[in-house]
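Residues per chain, in single letters:
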Amino acid sequence: MIRHQRPTYPCWLLAGGVLLGAAACALAGDHDGRPVLRLATTTSTYDSGLLGAILPAFEKESGARVDVIAVGTGQALALGAAGDADVLLVHARDKEDAFLAAGHGTDRREVMYNDFIIVGPGDDPAGIRGMSSASSALAQIAKREAIFASRGDDSGTHSKELALWKAAGHAPPSNAGWYRSLGQGMGATLRYAGEARAYTLTDRGTWLSQREPLGGLEILVGGASMAENHDPSLINRYGVIPVNPLKNKAIRGKLAAHFARWITSPPTQAAIGAFGRDRFGQPLFLPALAPRAHD
Amino acid sequence: MDTPGTLGAALLDAVILLASGDAALLAVLGRTLEVSLAALGIATAVGLPTGAVLGLARGLPARGTVRALIYTGMGLPPVVVGLFVYLLLSRAGPLGDLGWLFSVKAMVLAQTILSVPLVVGLTMAALEGVDPELGPQLAALGATPVQVARTTLREARSGVLAAIAAAFGAAISEVGAVMLVGGNIEGQTRVLTTAILLETRRGQFSLACALGLLLLALTFTLNFVLLRAGERRTLPRAD
Amino acid sequence: MPTEIEFALEDVRRVYAGRTVLDIPALEIRRGELLALVGPSGSGKSTLLRLLNGLEKPDTGRIGFRQQPDLGALPLATRRQITTVFQHPRLLDRSVEENVALGLRIRGVGRATARPRVRELLDELGLAAHARAPAPRLSAGERQRVALARSLAFDPAVLLLDEPTANLDPHNVSLLEERIRRERARRPLTVVLVTHNVFQARRLADRCALLLGGKLVEVGETQRFFETPLDARVTAFVRGEMVW
Ligand SMILES: Nc1ncnc2c1ncn2[C@@H]1O[C@H](COP(=O)(O)OP(=O)(O)O)[C@@H](O)[C@H]1O
Ligand SMILES: [Mg+2]
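Note that the coordinates shown come from a computational prediction; the quantities given were computed from them, not determined experimentally.

Procedures and definitions
- Residues numbered from 1 in each chain as written.
- Chains lettered and ligands numbered in written order.
- Predicted model: local features only at pLDDT ≥ 70, side-chain atom pairs only at ≥ 80, totals over all residues.
- Heavy atoms only, no water.
- Salt bridge = Lys/Arg side-chain N within 4 Å of Asp/Glu carboxyl O.
- Helix = DSSP H or I, 4+ residues; strand = E, 2+ residues; numbered from the N terminus.
- Buried < 20%, exposed > 50% of the residue type's maximum accessible area, 1.4 Å probe, protein only.
- Core = buried A, V, L, I, M, F, W, Y, C linked by side-chain atoms within 4.5 Å.
- Contact = heavy atoms within 4.5 Å.
- pLDDT = per-residue confidence, 0-100.
- Buried area = accessible area lost by both parts, 1.4 Å probe.
- Polar contact = N/O pair within 3.5 Å; in protein donor to acceptor, adjacent residues only side chain to side chain.
- Nonpolar A, V, L, I, M, F, W, Y, C, P; charged D, E, K, R; others polar.
- Phe/Tyr/Trp six-rings, centres within 6.5 Å; stacked < 30°, edge-to-face > 60°.
- Lys NZ or Arg CZ within 6 Å of the ring centre and 35° of its normal.
- Pairing = 2+ DSSP bridges.
- Axes fitted to C-alpha atoms, helices over the stretch in contact; angles between N-to-C directions.
- Parallel < 35°, antiparallel > 145°, perpendicular 65-115°, else oblique.
- Near = heavy atom within 4 Å.
- Areas by Shrake-Rupley, 256 points an atom, 1.4 Å probe, with all protein chains shown as cover.

## Quick look at the pattern of salt bridges
Residues and elements named next belong to chain C.
Stage number 1. Considering all chains together, one arrives at 45 salt bridges over all chains under this definition.
Stage number 2. Notably, a salt bridge pairs Glu33 with Arg207, separated by 2.7 Å at the nearest N-O pair. Here Glu33, found in the loop between β2 (19–30) and β3 (34–38), pairs with Arg207, found in strand β8 (residues 207–212); they are 174 residues apart in sequence, far enough to count as distant. Of the two residues examined, Glu33 and Arg207, each falls in the buried class.
Stage number 3. A salt bridge links Asp206 to Arg184; the shortest N-O distance between them is 2.7 Å. Of this pair, Asp206 sits in the loop between α7 (198–204) and β8 while Arg184 sits in helix α6 (residues 170–186); the two residues are 22 residues apart in sequence, bridging distant segments of the chain.
Stage number 4. Judged by its relative accessible area of 32%, Asp206 is partly exposed.

## Quick notes on the nonpolar core
Stage number 1. Judged by nonpolar contacts, the single largest core of 124 residues is most densely connected at Val100 and Leu148 of chain C.
Stage number 2. If sequence neighbours within four positions are ignored, Leu148 of chain C has contacts with Val85, Leu125, Leu159, Leu161, Leu176, Arg179 and Ile180 of chain C.
Stage number 3. Core analysis: the second largest hydrophobic core is formed by 41 residues, Ile54, Ile117, Ala193 and Trp207 of chain A among them.

## Side note on the confidence of the model for chain B
Residues and elements named next belong to chain B.
Stage number 1. The predicted model of chain B averages 87 in pLDDT, with 93% of residues at 70 or higher.
Stage number 2. No element of chain B has a lower mean pLDDT than helix α1 (residues 7–20), at 76, and none a higher one than helix α6 (residues 134–140), at 96.
Stage number 3. Here residues 234–239 scores under 50 on pLDDT; set against residues more than four positions off or in separate chains, the count is eight contacts.

## So, the interface of chain B and chain A
Stage number 1. The partner chain A presents 36 residues to the 37 residues of chain B that form the contact.
Stage number 2. Both sides of the chain B and chain A interface together cover about 3100 Å² of buried area, and 55% of this is carbon and sulfur.
Stage number 3. Counting across the chain B and chain A interface gives one salt bridge.
Stage number 4. Residue Arg201 of chain B is joined to Asp47 of chain A by a salt bridge in which the shortest nitrogen-to-oxygen separation is 2.5 Å.
Stage number 5. For the pair chain B and chain A, the interface holds seven residue pairs in polar contact (both at pLDDT 80 or more).
Stage number 6. Only α2 (23–56), α5 (104–128), α7 (145–155) and α10 (192–201) of chain B provide two or more residues apiece to the side of chain B that touches chain A.
Stage number 7. The biggest single contributor to the side of chain B that touches chain A is α2 of chain B, with seven residues.
Stage number 8. Looking at the side of chain B that touches chain A, its residues break down into 16 nonpolar, nine polar and 12 charged.

## Topic: the packing of aromatic side chains
Pairs of aromatic rings are described using the distance from one ring centre to the other and the angle between the two planes.
Stage number 1. The final tally for this structure, using the stated rule, is 13 aromatic pairs over all chains.
Stage number 2. When the ring of Phe58 of chain A is compared with that of Trp262 of chain A, the centres are 5.2 Å apart and the planes differ by 50 degrees; the resulting orientation is tilted. Linking Phe58 of chain A in helix α3 (residues 50–62) with Trp262 of chain A in helix α10 (residues 253–263), this pair joins segments that are 204 residues apart in sequence. Like Trp262 of chain A, Phe58 of chain A is buried.
Stage number 3. Between Phe259 of chain A and Trp262 of chain A the ring centres are 5.7 Å apart and the planes differ by 40 degrees, which places this aromatic pair in the tilted class. One end of the pair is Phe259 of chain A and the other is Trp262 of chain A, both in helix α10 and three residues apart, which spans about a single turn. The pair formed by Phe259 of chain A and Trp262 of chain A is uniform in burial state, with each residue classed as buried.
Stage number 4. Of note, Arg107 of chain C hangs over the ring of Phe154 of chain C, and the distance from its end group to the ring centre comes to 3.6 Å.

## What to know about the sheet that holds strand β4 (residues 60–65) of chain C
All names here are of chain C.
Stage number 1. Overall, antiparallel pairing links the three strands, which are arranged β2-β1-β4 in an open sheet. A single partner strand is all that each edge strand has here, and the edge strands are β2 and β4. Each adjacent strand pair in this sheet contributes to an overall mean axis angle of 15 degrees, direction not counted.
Stage number 2. Judged from the 10 bridges that link them, strand β1 (residues 5–16) and β2 form a sheet pairing that is antiparallel. Following the sheet pairing, Glu10 is matched in β2 by Ala26.
Stage number 3. With respect to the sheet, helix α1 (residues 45–52) is in contact with β1, β2 and β4, its orientation differing from that of β1 by roughly 120 degrees.

## Considering the confidence of the model for chain C
Stage number 1. Looking at chain C as a whole, its pLDDT mean stands at 94, while 98% of the residues score no less than 70.
Stage number 2. At the level of chain-chain contacts, confidence expressed as ipTM amounts to 0.94, with global pTM at 0.81.

## A few points about the packing of helix α5 (residues 140–152) of chain C against α6 of chain C
Packed helix pairs are characterised by how far apart their axes lie and by the angle those axes make with each other.
Residues and elements named next belong to chain C.
Stage number 1. Two elements in contact, α5 and α6, have axes separated by 10 Å at closest approach and are oriented at 10 degrees. What the angle tells us is that α5 and α6 run roughly parallel. In this structure, α5 contributes Gly141, Glu142, Gln144, Arg145, Leu148 and Leu152 to the contact, and α6 contributes Asn172, Leu175, Leu176, Arg179, Ile180 and Glu183.
Stage number 2. Here the contact of α5 with α6 is built from residues that sort into five nonpolar, three polar and four charged.

## Notes on the site of ligand 1
All names here are of chain C.
Stage number 1. Around ligand 1, a shell composed of Tyr16, Arg19, Val21, Pro40, Ser41, Gly42, Ser43, Gly44, Lys45, Ser46, Thr47 and Arg50 is seen.
Stage number 2. Lys45 is positioned with one of its backbone polar atoms (N or O) 2.9 Å from an oxygen atom of ligand 1.
Stage number 3. In the complex, 63% of the free accessible area of ligand 1, which totals 560 Å², lies under the protein chains.
Stage number 4. Mapped by element, the contributors of at least two residues to the shell around ligand 1 are β2 and α1.
Stage number 5. Ranked by residue count, the leading element in the shell around ligand 1 is α1, at four residues.
Stage number 6. Looking at side-chain class alone, the shell around ligand 1 contains three nonpolar, six polar and three charged residues.

## What to know about unusual backbone geometry
Stage number 1. Of note in the backbone geometry, Glu145 of chain A takes a positive phi value of approximately 50 degrees without being a glycine.
Stage number 2. Relative to the helices and strands, Glu145 of chain A resides in the loop between α6 (134–144) and β5 (148–150).
Stage number 3. Located in the positive-phi region is Asn184 of chain B, a residue other than glycine, with phi close to 55 degrees.
Stage number 4. With respect to the helices, strands and loops of the structure, Asn184 of chain B is situated in the loop between α9 (176–182) and α10.
Stage number 5. Take Asn184 of chain B: its relative accessible area is 5%, and that puts it in the buried class.

## Let's talk about α6 of chain A
Stage number 1. When α6 of chain A is considered as a whole, its buried residues turn out to be Ala134, Ser135, Ala137, Leu138, Gln140, Ile141 and Ala142 of chain A.
Stage number 2. Glu145 of chain A occupies a position one or two residues after α6 of chain A and carries a positive phi of about 50 degrees.

## What about α7 of chain B?
Stage number 1. Most of α7 of chain B is tucked away, with eight of its 11 residues classed as buried.
Stage number 2. Listed as buried for α7 of chain B are Gln147, Val148, Ala149, Thr151, Thr152, Leu153, Arg154 and Glu155 of chain B.
Stage number 3. Those residues of α7 of chain B that are buried lie in contact with α2, α5, α6 and α8 (157–173) of chain B together with α3 (96–106) of chain C.

## So, the sheet that holds β3 of chain C
Residues and elements named next belong to chain C.
Stage number 1. Spatially, β5-β6-β7-β3-β8-β9 is the arrangement adopted by the six strands of the open sheet, whose pairing is mixed. Edge strands, defined here as strands with exactly one partner in the open sheet, are β5 (82–85) and β9 (215–221). Averaged over neighbouring strand pairs, the angle between their axes works out to 15 degrees when direction is ignored.
Stage number 2. Here β3 runs beside β8; their pairing, made up of four bridges, is parallel. Following the sheet pairing, Leu35 is matched in β8 by Arg207.

This is the structure in structure tokens:
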């Protein structure tokens, strides 16, 4: 008599087990018990390594975990407006004011600043080297129709560039042959400028951290360090804004307020001022509390 | 802080990086496998039976429409899927209460949406390649429709494994969607592709290249295992 | 003792694309007999076997199986007592052994439990040396023997054979015929053998039937069918002349 038994497929069972295990793992989520503060910020603060250097102190002090979402300023503000982030660290003053006016945030505090510089090919075809006003330099570039690479990505740097064009008495240039709107991050824009022998506006931090040979690009306006930058309009201020906790129940309002206090507190401000000195010989960000070169 | 064009050094870096057992790197590797295998598991569980039904039911009405839909799905732009999932899961969106945005779950969801059409479409194609006479002959041997489907799937195993391999390859190498919905959070939602993007943005080209090589090695290993599984049974079994 | 009826066909018609390819007002197939079905190509022989195996349903009429009035509504276990060996068997891309075990595995029998039965059949059909070879590599004659073995493995009550020895060499033909004879000597087995080889029909069959254009011309005891056919078309067919 033939006995009936169920067939077994050990290797399929094993493969299925691995896949199900992964699925279960992923769906179980990543609880490590700590409350999570979601910080939406610009790529410059994260990519430079600043946040990696200072955040562990906050995590220790608060017992919370900080999840950093590094995106463009435009998207960071949108995350706040949608209630998808708890606190913002951004640099686009006009948009931040509009954000607050619309009731998306509780308040704004100055955290730190660095500066923008205009870089371009060493032979400087537009002849802007050493000019003390960024907007006059842009006007000169436009007049000579020298190639200019724009971030074109709604970032804080892009907003600053548009403001400078306005101050130069120019409508923000359309995508003329010499004006190239890239829709790229700062690093990619710098690399493009190097290849295309173009001028561009960059924050000093990214410039310093990408100090690879960039096709002969040099600083033409803004000086070799922040202290030598004589155009106050090139100052790049970073503010912290806790998102309005009334937006939805998931927003950690108290933790966000704690973070805003912490990042503007003297010890953190000192840490910000110290960051980057060893690597670049100059700080990448100056704390808002410290005496400033301009103002 | 190095120049592009250091491909040779990248290989060395990759080896050193792996050998050092760097905790952050291991976390990224683990998360990469977790996300892509989870998406693959769900996509296979859903896509294999669906593809089998579509591949075997040759007389299905509206077959052409279904096929066009699936082929469109196979070519879905990942970044569009990412955007869709992002808007869906945003707290301001319809599924905002789940709190899934910027989590591993969101990444698995996006990857699953991208992988399911691949598994369905390629499984369907693999089964359509099987001799149409096989089904009736199996039925004549007493097979139920489910047994016919299972046996036919096994007959088409190299095509079915190709479907699974393609879905895995798509999931593990995808960057646009996981960046958008995962947020590339260190230790949480950072996977190999988003780490590569970050390191490139930071100008750390050789680290980015090293991560890229790791990604290739991982994909190669899984494909190799899958292909071996496909070959195994064609050979005579040793006692 | 009255003969028991295995299949009872009543008014069975099969229509493909508006064309009636099979039209059988009445036919009884007896339990344990070997009925040979002869007829030219396209006369509907394979269609009839597909209906008898339940692979297709008639468009009109009924096929009764034993006490069951409708073949289409048989319980799984009963349906599994009927099987077909096809002219062009599709073997799986697995070993010969696994192919022969297939019907048993489908019925939930374990690999180890199936093995002795499989080995026995492989021995009887001269396939023992190929047990572990991949089935797709076999010759036509060997493939057909595997096909017979995989159908006999689960001891079916009804064996439908669709030109199983067409295109085979005489050695393989006699191997297969011998194995079918042995099976019938051993236990009651109903066989419907479709063949265009009238000599094979004469050698093996208890009764013969001629199918022409989807219609049964004549059914009768083999000897009478060949020696004193009632219909002139049968006379012509058994002589190898053109019939239509
Ligand atoms: N699936 C089908 N669709 C349409 N016509 C078919 C189909 N199967 C068989 N036929 C037609 O039915 C007739 C009988 O075919 P068949 O039973 O295979 O004949 P035989 O086996 O006697 O050669 C033929 O004319 C054939 O073309
Ligand atoms: Mg036929």
